[in-house]
Amino acid sequence: MPRRITDTLRALLAIATNTFREAVRNKIFGALLFFAVGVMAFSLVLGAMSVHNEIRVTIDVSLFASTLFSMVITVYVSINLLQTEIERRTIYTILSKPVPRWVFLLGKYAGILALMVVIVGLLWGVGAGLLAIQGGGPIGPLAYGFALIFLQLLVVASFALLFASFSTPLLSGMLTAGIFVLGHLHDQFETVRNFFESRLAHRLIDWLAFLLPDFASMNLSVEVIRRIPIPTTYLASATWYAVSYASVVLFAAMLIFSRRDLL
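Everything numeric in this text was worked out from a predicted model, so none of it was measured. (Residues numbered from 1 in each chain as written. Predicted model: local features only at pLDDT ≥ 70, side-chain atom pairs only at ≥ 80, totals over all residues. Heavy atoms only, no water.)

Caption draft 1: Expanded view of helix H6 (residues 139–164). Under the 1.5 Å per step criterion, the end-to-end length of H6 is 37 Å for 26 residues, consistent within 8% with the ideal 38 Å. Within H6, 19 of the 26 residues are buried, leaving the element largely enclosed by the surrounding structure. (Helix = DSSP H or I, 4+ residues; strand = E, 2+ residues; numbered from the N terminus. Expected span 1.5 Å × (residues − 1). Buried < 20%, exposed > 50% of the residue type's maximum accessible area, 1.4 Å probe, protein only.)

As structure tokens, this is what we get:
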């Protein structure tokens with residue numbers, strides 16, 4: 001393997017590892033994760049108040065809390081760590097190695113994804129444990145639901161880095177959160193489209209539906225609760241969609257960040 005490729009891979013691994021460590025040490029990260037676990041545990045209380053719907057309540061609350069808090073953690077970590085590197089000027093030390101800016105950004109993304117693997121795996125373990133306490137449930141299908149949550153985070157992290165590459169932290173967070181919310185309303189675009197008679201409005205909504213990520217199709221709460229079989233072809237197509245979408249967004253982030261004036 002050429003030395004240049006080896007050096008690039010080492011730089012990627014070093015940046016990803018450092019990103020992962022910095023994120024884990026962040027107190028806000030720990031607090032958000034604690035709240036996520038707490039909300040999931042509270043589903044036991046909510047389930048006890050329902051009438052023979054304990055499993056359903058636990059699954060609904062677990063998937064919702066995991067999606068919401070993991071999204072917040074992803075957005076916060078992605079934007080905060082990049083901005084911190086710039087504000088503390090530690091990025092200049094890294095880029096003077098020399099390390100290309102695209103390698104730096106890709107390393108940050110890899111570190112964030114490693115963190116998301118740990119978070120999603122931990123939250124799935126908590127959800128599975130709660131189902132076990134209630135006498136068992138669709139633990140296997142629940143794993144599929146959490147796998148789709150990770151695919152959503154794959155795209156969310158790319159958008160967070162894209163906006164952070166040229167905007168302020170506050171605006172970047174708001175834009176990323178907006179993308180996340182609209183993505184979960186993706187299946188409502190056709191309903192909204194029918195409210196308008198203007199061709200211009202129809203085209204605008206069609207373009208929004210085309211450009212925005214379809215997170216609604218990655219929500220498997222109904223399938224998990226009803227124990228509807230989830231074909232492997234669906235998981236494969238969802239993975240391909242998320243990876244392809246995130247790759248395009250991340251590529252745009254690399255282009256913008258490589259031309260950004262950091263002085």
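Caption draft 2: Molecular detail of the packing of aromatic side chains. Tallied over the entire structure, the rule returns eight aromatic pairs. Considering the side-chain rings of Phe-163 and Phe-166, the 6.3 Å spacing of their centres and the 75 degrees angle between planes classify their relative orientation as edge-to-face. Judged by its relative accessible area of 11%, Phe-163 is buried. Linked through ring pairs, Phe-159, Phe-163, Phe-166, Tyr-241 and Tyr-245 together constitute an aromatic cluster. Geometry around Phe-257 places Arg-101 over its ring, the cationic atom sitting 6.0 Å from the centre. (Phe/Tyr/Trp six-rings, centres within 6.5 Å; stacked < 30°, edge-to-face > 60°. Lys NZ or Arg CZ within 6 Å of the ring centre and 35° of its normal.)

Caption draft 3: Quick peek at helix H9 (residues 199–211). Look at H9: 18 Å from first C-alpha to last across 13 residues, which is about the 18 Å you get at 1.5 Å a residue. All of the buried residues in H9 are Ala-201, His-202 and Ile-205. In an axial view of H9, the angular spread of the buried residues amounts to 100 degrees, which keeps them on one side of the axis. Opposite its buried face, H9 presents the exposed residues Arg-199, Leu-200, Arg-203, Leu-204, Trp-207 and Phe-210, each directed more than 90 degrees away. In this structure, the buried side of H9 is in contact with helix H8 (189–193). (Arc of directions from axis to C-beta. Contact = heavy atoms within 4.5 Å.)

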